[in-house]
Amino acid sequence: MLTMQEIKSHYYFTDTDAKLLEELLPLARQNCEAMVEEFYGYLLKIPETAAFLRDPKDLQKLRQTHAQWFLSLFCGRYDNGYMITLQGIGQAHVRIKVSAHYVNAAMNVVRRFLIELLQANFPEIEARRKYRIAVEKILDINLDIMSTSYQEEELRKVFVSHRLESKLIHAAERFTYGLNLILVVALIIVSLSVVGLFFWDLVHVFSGSMEKGILSALGSLLILWMMIELMDNEIKTLKGGKFNILIFIGVIIVALIREILISTLRHDALETQAFLAGTLLILGIVYFLVAKSQNGNIH
Ligand code: HEM
């Protein structure tokens, strides 16, 4: 947080500037009414700012407030108290939600008014230049302190949502990690079941139905192979790698191939076999399209 002394030094605002401004106070007083006229004429012309000035009774009070601020530009004492007052003014506008843009634009109206006033009252160019520089400095300092309130408000907004955001993201990440762990455990159980299935198929080989046993065992091995791929992929995901949907589709395709093998052996109805073959075709197309979108081309 800067002190008024620091702010003034950054603008090269000296005691001479303060004195020059104080000298302008009588002129400012004489023209205060005209300034307020111009200020309000400007604000009432813009619908967005006019909306803040609708109530006529309040308007009179508000005109006085803005007039007082105008005169305080020439008070001659610009200490920390002055800075705190300006911070309060900035906050008042942030609170009622007057956009910073209009405050900047209104300051430009005041600046133009004062420059023209100096132009009309100080024909001697050197004197006018001194006053103009002092006026420019104090207006810039006013705008600087007032707009800091807007920046602080912006920062607060970002900070609140940033904290909330990172908490949410953290919670979501932990949740996903937990789900992935459950998936791995489930995959282990399913893989063990496939091993069991493989041995069950082998029993068929020894119990007479050689052809059925071998083909079923082959199907089970295919599924086991895909399960290994699936788990490998899942472990990679857990370690921070990229999830590969293609492997999931591969597992389904392999499971379907196994089903077709068995279906042929069982001499199932033609429709059942056609249905399985159709599904396999569709899955094949899906696999192709996903692989294509992942790699840009299929190998
Ligand atoms: C050069 C720019 C401006 C200056 C220096 C200025 C100055 C002030 C001051 C000194 C106050 C009193 C603050 C307080 O209650 O502590 C005030 C209040 C107010 N100003 Fe401005 N103002 C400026 C621009 C604007 C603009 C662009 C509008 C838009 C319409 C506006 C509308 C108001 C309103 C509605 C209030 C009353 C706030 C309340 O109810 O608390 N001002 N202004």
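So, how was this worked out
Residues numbered from 1 in each chain as written. Predicted model: local features only at pLDDT ≥ 70, side-chain atom pairs only at ≥ 80, totals over all residues. Heavy atoms only, no water. Helix = DSSP H or I, 4+ residues; strand = E, 2+ residues; numbered from the N terminus. Buried < 20%, exposed > 50% of the residue type's maximum accessible area, 1.4 Å probe, protein only. Near = heavy atom within 4 Å. Polar contact = N/O pair within 3.5 Å; in protein donor to acceptor, adjacent residues only side chain to side chain. Nonpolar A, V, L, I, M, F, W, Y, C, P; charged D, E, K, R; others polar. Donors = N, O, S within 2.8 Å, 3.2 Å for Na, K, Ca; no water. Tetrahedral: all angles 85-135°; square planar, octahedral: opposite > 155°, others 65-115°. Salt bridge = Lys/Arg side-chain N within 4 Å of Asp/Glu carboxyl O. UniProt positions renumbered as here; feature names shortened; annotations may be inferred. Phe/Tyr/Trp six-rings, centres within 6.5 Å; stacked < 30°, edge-to-face > 60°. Lys NZ or Arg CZ within 6 Å of the ring centre and 35° of its normal.

It is worth spelling out the overall build of the chain at this point. Each helix and strand counted, the chain has 11 helices and 0 strands in total. Across the chain, helices and strands are ordered from the amino to the carboxyl terminus as α-α-α-α-α-α-α-α-α-α-α. Taking the principal axes of its C-alpha atoms as reference, the chain extends roughly 120 × 40 × 40 Å. When the 299 residues of the chain are sorted by exposure, 36% land in the buried category.

This part takes up the site of the ligand. In the vicinity of the ligand there are 19 residues, among which Thr-65, His-66, Trp-69, Ile-89 and His-93 approach most closely. Within the side chain of His-66, an N or O atom sits 2.8 Å from a nitrogen atom of the ligand. Between the ligand and the protein, one listed contact pairs a nitrogen atom with a side-chain N or O atom of His-93 at 2.8 Å. At the level of elements, helix H3 (25–45), helix H5 (56–72), helix H6 (80–96) and helix H7 (100–121) are the ones that each hand at least two residues to the shell around the ligand. When grouped by side-chain class, the residues that make up the shell around the ligand number 14 nonpolar, 4 polar and 1 charged.

The subject of this paragraph is the coordination of the iron atom of the ligand. The iron atom of the ligand binds to the protein through His-66 (NE2) and His-93 (NE2), with metal-donor distances spanning 2.0 to 2.1 Å. Note that the iron atom of the ligand binds 6 donor atoms; their angles at the metal cover 84 to 178°, and the shape is octahedral. On the criterion of sequence distance, the pair formed by His-66 in helix H5 and His-93 in helix H6 is long-range, its members being 27 residues apart. Owing to a relative accessible area of 16%, His-66 belongs among the buried residues under this scheme.

Once that is clear, we can look at the environment of Lys-19. Within the secondary structure, Lys-19 sits in helix H2 (residues 15–23). Residue classification places Lys-19 among the exposed positions, given a relative accessible area of 53%. Considering only alpha carbons, one finds Lys-19 and Ala-134, 115 residues apart in sequence, at a separation of 9.2 Å.

A separate point is the pattern of salt bridges. When the charged atoms of two side chains lie near each other, side chains of opposite charge can form a pair. Tallied over the entire structure, the rule returns 8 salt bridges. For Glu-37, the salt bridge goes to Arg-63, with nearest N and O atoms at 2.5 Å. Taken together, the residues span a long stretch of sequence, with Glu-37 in helix H3 and Arg-63 in helix H5 at a distance of 26 residues. Glu-37 sits in the partly exposed class, given a relative accessible area of 45%. By relative accessible area, Arg-63 is classed as buried at 15%.

A few words on the UniProt feature "domain: Globin-sensor" (unreviewed entry) in the chain. Here the UniProt feature "domain: Globin-sensor" (unreviewed entry) sits at residues 4–154. The straight-line gap between the two end C-alpha atoms of residues 4–154 is 23 Å; of that span, 84% is helix and 0% is strand.

A word on the packing of aromatic side chains. Taken as a whole and judged by the stated rule, the model has 7 aromatic pairs. Ring geometry for Tyr-78 against Tyr-82: centres 5.1 Å apart, planes inclined by 90°, an arrangement best described as edge-to-face. For Tyr-78, a relative accessible area of 4% corresponds to the buried category. Tyr-82 sits in the buried class, given a relative accessible area of 8%. Here a set of aromatic residues connected by ring pairs shows up, and it is made of Phe-13, Tyr-78 and Tyr-82. Over the ring of Tyr-40 we find Arg-63, and its NZ or CZ is 5.4 Å from the ring centre.

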